[in-house]
Amino acid sequence: MAKTYARYVCRECGYQSPKWIGKCPECEQWNTFDEEVVSRSSSSAGKGALPVYTPPVLLSDVVIGEHHRYSSGIKEFDRVLGGGIVPGSVVLIGGDPGIGKSTLLTQTACNLSAKSKTTLYVSGEESAEQIKLRANRLNIRSDKLYIASETDIEQVESIIQNLKPGAVIIDSIQTMRDSALESAPATVGQVRACTTVLTKIAKGEGIPIFIVGHVTKEGAIAGPRVLEHIVDTVLYFEGDKHLSYRMLRAVKNRFGSTDELGMFEMGEDGLQEVANPSEILLSERPINGSGSVISAAIEGSRPLLIEVQALVAPSYFAAPRRMAAGVDYNRTMLILAILEKRAGFSFANQDVYVNVAGGVKVTEPSLDLAIAAAIASSHKDMPVDKDTIVMGELGLAGEVRGISQTEKRIKEASRLGFNRVIMPAHNCRKGYDSIQITGVQSVYKAIETAIGVFRRKTRKAEEPEE
């Protein structure tokens, strides 16, 4: 006879407790414990079947089979995955409601089925008729795309075993339920158990499985944190659902880089690839407007030109406001301190706003010099030349430090018609005939070069020779 008991599991780290507690002793997070009902058979304590023993093997004796990647039919999706779909991989895709997760996977399912790969789309949220309506809107026609409206993970496993599809899409994992557990769907135990079953199928049968995950109000994927450790790849679909552009970013990838970025545009016929995101992001930039500076970032293997905007205005508050969008807030505060200490600026009675146009989020430090130039440009109301690129990392002493992959950044700038680059002197190399390279060693010299005329108010000092 089965016995049931309740336990509490932390949704962040999976820590188990026999009773509810406010703060998790493992990850130190508050109010993260969810109740889970566990069913245990009374005969489980007796003798059962012994597990099959698998002896260890030498590393030199391991034979690697052929695991060729294949395309999803969407180049931007393949880029983020690391070059294509790996057989037997488990991919978790999260994003805000209405951002386009189901649309992307429906288009992927159609492309895979068009390549003679039988594809199974399992939805626990929509009926087959609703999926058909979305397919008609996307102009999808396929004879090898199977639809199943099912929430029981055992039934899903049976369908996969009988159909033997080339790829499986689960929409979403929070709707799946394991009948062996008495808890409700979307609880910690259910999400972990269902993901474990799907991972076992993917690895055993060599079937790639794509899983849609809901996100919390904080933007993290709902469910236990161990969910992201179980799967092979975790992708986040970002962007404002009221705007047309979407960005797909990898935060975990066992088969490729985690820095790749794919860009899409949402249209009437679904998601369209943006092959040249730099040109799109710079299409609406103001010409000769103060506070606007173009910089070059690296997202994975792709150089990306972005517009950094800054607005410095008189403050009418006792504590001036500081806001940053698309860049790290703490990094922006550090750059403001460097400008005050090393370049003679004063922001004590100034509100400062920094933004990366287009909704792109950049974390690499090569954007430091562009942020500083944009703030200085807005503060002095003196524009930076429209054909100039500014990039470099700032140190606390006001020095401009070297950055990586400058060749890719310069080639991308030259391709889009820019004729001058202000960059760290450490990275200056000869051989760029099509573009002028200006190397700088200090933030003072960089701002003086970028906005033309600049005078230090606090004190005069000799700047080092470049």
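Refer to the preceding data block for the structure.
Because the structure is a prediction, the values reported are computed rather than measured.

A.B. asks: So what exactly am I meant to see when it comes to the overall build of the chain here?
C.D. replies: When you go through the chain residue by residue, the secondary structure sums to 11 helices and 21 strands. Relative to its full complement of 466 residues, the chain shows a buried share of 46%. Partitioning the contacts of the chain with sequence separation of at least 6, the portion at a separation of at least 24 is 67%. Entry remark: accessible area of the chain is about 23,300 Å², with carbon and sulfur atoms responsible for 51%.

A.B. asks: Any chance you could explain empty space enclosed by the protein here in plain terms?
C.D. replies: The gaps of empty space that remain are located by a probe, the size of a water molecule, rolled over the atoms. For the structure on display, the rule yields two cavities of 30 Å³ or more. Along the walls of the largest cavity sit R285, P286, N288, G289, S292, V293, I294, V384, D385, K386 and T388, which together make up its complete lining. In terms of residue class, the lining of the largest cavity is built from four nonpolar, four polar and three charged. Roughly 40 Å³ of volume is contained in the second largest cavity.

A.B. asks: Can you walk me through the layout of surface pockets in this structure?
C.D. replies: Roughly 400 Å³ of volume is contained in the largest pocket. If you trace the largest pocket, you find 22 residues lining it, with L243, Y245, A357, G358 and G359 closest to the centre. Among the residues forming the lining of the largest pocket, the class breakdown is nine nonpolar, seven polar and six charged. Taken as a whole, the second largest pocket holds about 270 Å³ of empty space. Along its surface, the second largest pocket is lined by E238, R249, T258, D259, I298, E299, G300, K361, V362, T363 and E364. Of the residues belonging to the lining of the second largest pocket, the class tally is two nonpolar, three polar and six charged.

A.B. asks: Looking at this structure, how should I read the packing of aromatic side chains?
C.D. replies: The geometry of an aromatic ring pair is captured by two quantities: the separation of the ring centres and the angle between the planes. Scanning all chains against the criterion turns up four aromatic pairs. With 6.3 Å between their ring centres and 85° between their planes, Y15 and F33 make a pair best called edge-to-face. On the criterion of sequence distance, the pair formed by Y15 in the loop between β1 (2-10) and β2 (16-17) and F33 in strand β3 (residues 33-41) is long-range, its members being 18 residues apart. On the basis of an interplanar angle of 5° and a centroid distance of 5.8 Å, the ring pair of F345 and F347 is categorised as stacked. For the residue pair F345 and F347, the accessibility class agrees, reading buried in each case.

A.B. asks: So what exactly am I meant to see when it comes to helix α8 (residues 329-342) here?
C.D. replies: Residue pairs three or four apart in sequence face the same way in an α-helix, which turns once every 3.6 residues. Its 14 residues give α8 an end-to-end C-alpha distance of 20 Å, which sits within 8% of 20 Å, the value for a rise of 1.5 Å per residue. Among the residues making up α8, those that are buried are T332, I335, L336, I338 and L339. All buried residues of α8 fall inside an arc of 160° around its axis, so they share one side. In this structure, α8 carries N330 and K341 as exposed residues pointing more than 90 degrees from its buried face. The elements touched by buried residues of α8 are β15 (322-325), β16 (350-356), α9 (368-380), β18 (393-394) and α11 (443-451). G344, located one to two residues past α8, shows a positive phi value of around 80°.

A.B. asks: Would you explain the pairing of strand β10 (residues 245-253) in this entry?
C.D. replies: Both faces of the sheet carry side chains from a regular strand, because those side chains alternate between them. The pairing of strand β9 (residues 233-238) with β10 spans six bridges and is antiparallel. Of the residues in β10, the one forming a bridge with Y236 is R249. Pairing of β10 with strand β11 (residues 261-267) involves five bridges; the strand directions are antiparallel. Across the sheet, residue Y245 finds its bridge partner in β11, namely E265.

A.B. asks: Looking at this structure, how should I read the packing of helix α4 (residues 153-163) against helix α5 (residues 188-205)?
C.D. replies: For any two helices packed against each other, the geometry is given by the interaxial angle and the distance between the axes. Where α4 meets α5, the closest approach of the two axes is 10 Å, and the angle between their N-to-C directions is 10°. The angle between the axes of α4 and α5 places the two elements in the roughly parallel class. Along the contact surface, α4 presents I153, E157, I160 and Q161, while α5 presents C194, V197, L198, I201 and E205. Its residues assigned to classes, the contact of α4 with α5 comprises six nonpolar, one polar and two charged.

A.B. asks: Please explain the nonpolar core as it appears in this structure.
C.D. replies: Note that soluble globular proteins tend to have their nonpolar side chains buried in a common cluster. In this structure, I306, L339, F347, I375 and L394 are the most contacted members of the largest nonpolar core, which totals 45 residues. Once residues within four sequence positions are removed from consideration, L394 is found in contact with R331, I335, I338, D368, L369, A372, E399, V400, R401 and V443. Ranked by size, the runner-up nonpolar core spans 27 residues in total, among them V90, I153, I170 and I211.

A.B. asks: Even after reading the chapter, I still don't get the pairing of β11, so can you show me in this structure?
C.D. replies: Strand direction decides the pairing type here: β11 and strand β12 (residues 270-273), joined by four bridges, are antiparallel. Each residue of the ladder has a partner; that of E265, found in β12, is Q272. Hairpin connection of β11 to β12: two residues between the antiparallel strands.

A.B. asks: Mind showing me how you'd approach the sheet that holds strand β4 (residues 90-95) here?
C.D. replies: A sheet is described by the order of its strands in space; here nine strands give the open sequence β6-β5-β7-β8-β4-β9-β10-β11-β12, paired in mixed fashion. Edge positions in the sheet fall to β6 (145-149) and β12, since each has one partner strand and no second. When strand polarity is set aside, the average angle formed by the axes of neighbouring strands in this sheet is 25°. Packed onto the sheet, α5 meets β4, β7 (167-171) and β8 (209-213) and runs at close to 160° relative to β8.

Cut-offs used in this document
- Residues numbered from 1 in each chain as written.
- Predicted model: local features only at pLDDT ≥ 70, side-chain atom pairs only at ≥ 80, totals over all residues.
- Heavy atoms only, no water.
- Helix = DSSP H or I, 4+ residues; strand = E, 2+ residues; numbered from the N terminus.
- Buried < 20%, exposed > 50% of the residue type's maximum accessible area, 1.4 Å probe, protein only.
- Contact = heavy atoms within 4.5 Å.
- Areas by Shrake-Rupley, 256 points an atom, 1.4 Å probe, with all protein chains shown as cover.
- 1 Å grid on protein atoms, 1.4 Å probe; cavity = no way out; pocket = protein on both sides within 12 Å on 5 of 7 lines; lining within 4 Å.
- Points joined across faces, edges and corners; volume = space filled by probe spheres on them.
- Nonpolar A, V, L, I, M, F, W, Y, C, P; charged D, E, K, R; others polar.
- Phe/Tyr/Trp six-rings, centres within 6.5 Å; stacked < 30°, edge-to-face > 60°.
- Expected span 1.5 Å × (residues − 1).
- Arc of directions from axis to C-beta.
- Pairing = 2+ DSSP bridges.
- Axes fitted to C-alpha atoms, helices over the stretch in contact; angles between N-to-C directions.
- Parallel < 35°, antiparallel > 145°, perpendicular 65-115°, else oblique.
- Core = buried A, V, L, I, M, F, W, Y, C linked by side-chain atoms within 4.5 Å.

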